Amino acid sequence: MRWLIVEDYEALSGEAAELVAREVREKPDAVLGLATGSTPVGMYQELIRQHQAGNLDFSRITTFNLDEYVGLSATHPQSYRVFMHETFFQHVNVQPERIHIPCGDAADLDEECDRYERAIQAAGGIDLQILGIGGNGHIGFNEPGSPVSSRTRVVDLAQRTITDNARFFASIEEVPTKAVTMGIQTILEAKKIVLLACGASKAEAMQRMLEGEITPGVPASLLREHPDVTVIMDRQAAARLS
Ligand code: F6R
């Protein structure tokens, strides 16, 4: 596992974008695993900038998002599908048929989870997975206690996650309590993983991830057993590391 501690969010976004850009240049048909949330927004902006400057072509890549809320339609403003479209996809040349995001309002969610796993396999697996980290150490929506062997499935969100994500909704009552998420095993099967952490609210999670016990109680700590993980964090997120 490599760690990179950078000065601020701009530097973090630049470093993360560089890793993605390098992957896409080396493998134009790469399969990218993507994350939502606040942390990767600057990375997406930098990737858009490079694309618009004519330096980065996404026309052959395939994408799989980590997760989606259960119960929100694909057009709901807080759905991750809308977030990804507005934050990234509509600004670059990813082919719509190569974009994959779990359908959180599928009639049969278990079948949707199986379909998602099969689609990842059919694409040849994920080459580079981008992750954020929850304040409780979650990755994707794999909350503390998620089994290492877990695959894409419906999960209950932890109360801390609901509280943390209430900032995106008009009130906490509107935050969905369930999500579809890739599992820990799905994530660990990615060939390369890049985890981003920014701000003081992530300092405790980073300390537990990097210096605590490797345990499903801190899902991000399980990444320490993966052979190719790069962690990029700003000084505030790194503040508690010894
Ligand atoms: C998002 C996801 C989550 C977030 C995490 C951090 O697709 O899977 O694990 O990465 O909750 O969110 P932010 O970046 O908003 O702090």
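Described below are features of the structure shown in this document. As the structure is a prediction and not an experimental result, all values here were calculated from the model.

**A short note on the pattern of salt bridges**
Tallied over the full model, the rule gives 13 salt bridges. A salt bridge links D164 to R160; its shortest N-O distance comes to 3.5 Å. Of this pair, D164 and R160 are both found in helix 5 (residues 159-165), four residues apart, which corresponds to roughly one turn of the helix. Under the relative-accessibility criterion, D164 is labelled partly exposed at 30%. Three or more residues joined by partner-sharing salt bridges are found here, namely K27, D127 and K191.

**Re the side chain of H100**
Tracing the chain through its elements places H100 in strand 5 (residues 99-100). Here H100 is in contact with T62, T63, F64, N65, Y116 and A119, once residues within four sequence places are set aside.

**Re the pairing of strand 3 (residues 62-65)**
Both faces of strand 3 are covered, namely the face carrying T62 and F64 and the face carrying T63 and N65. With helix 2 (residues 41-52) bridging strand 2 (residues 31-34) and the parallel strand 3, this β-α-β connection has right-handed handedness. Direction of pairing for strand 3 relative to strand 5: parallel, over a ladder of two bridges. Paired with T63 across the two strands is I99, which belongs to strand 5.

Quick notes on the rules
Residues take numbers from 1 onward in each chain, read along the sequence in its written order. With the structure being a predicted model, the display of local features is reserved for residues of pLDDT at least 70 and the display and counting of side-chain atom pairs for 80 or more, all residues being used for whole-chain, interface and lining totals. Only hydrogens and water are removed before side-chain values are computed, so all heavy atoms of the structure are retained for them. Here a salt bridge means any side-chain nitrogen of Lys or Arg lying within 4 Å of a carboxyl oxygen belonging to Asp or Glu. Strands are runs of DSSP state E lasting at least 2 residues, helices are runs of H or I lasting at least 4, and numbering of each runs from the N terminus. Summary of the burial criterion: residues with accessible area below 20% of their type's maximum are buried, those above 50% are exposed, and those between are partly exposed, where the area comes from a 1.4 Å probe applied to protein chains only. Any two residues having at least one pair of non-hydrogen atoms within 4.5 Å are treated as being in contact. Orient the strands so they point away from the viewer; a crossover is then right-handed if the path from the first strand over the helix to the second runs clockwise. Strands are treated as partners if at least two bridges between them are detected by DSSP.

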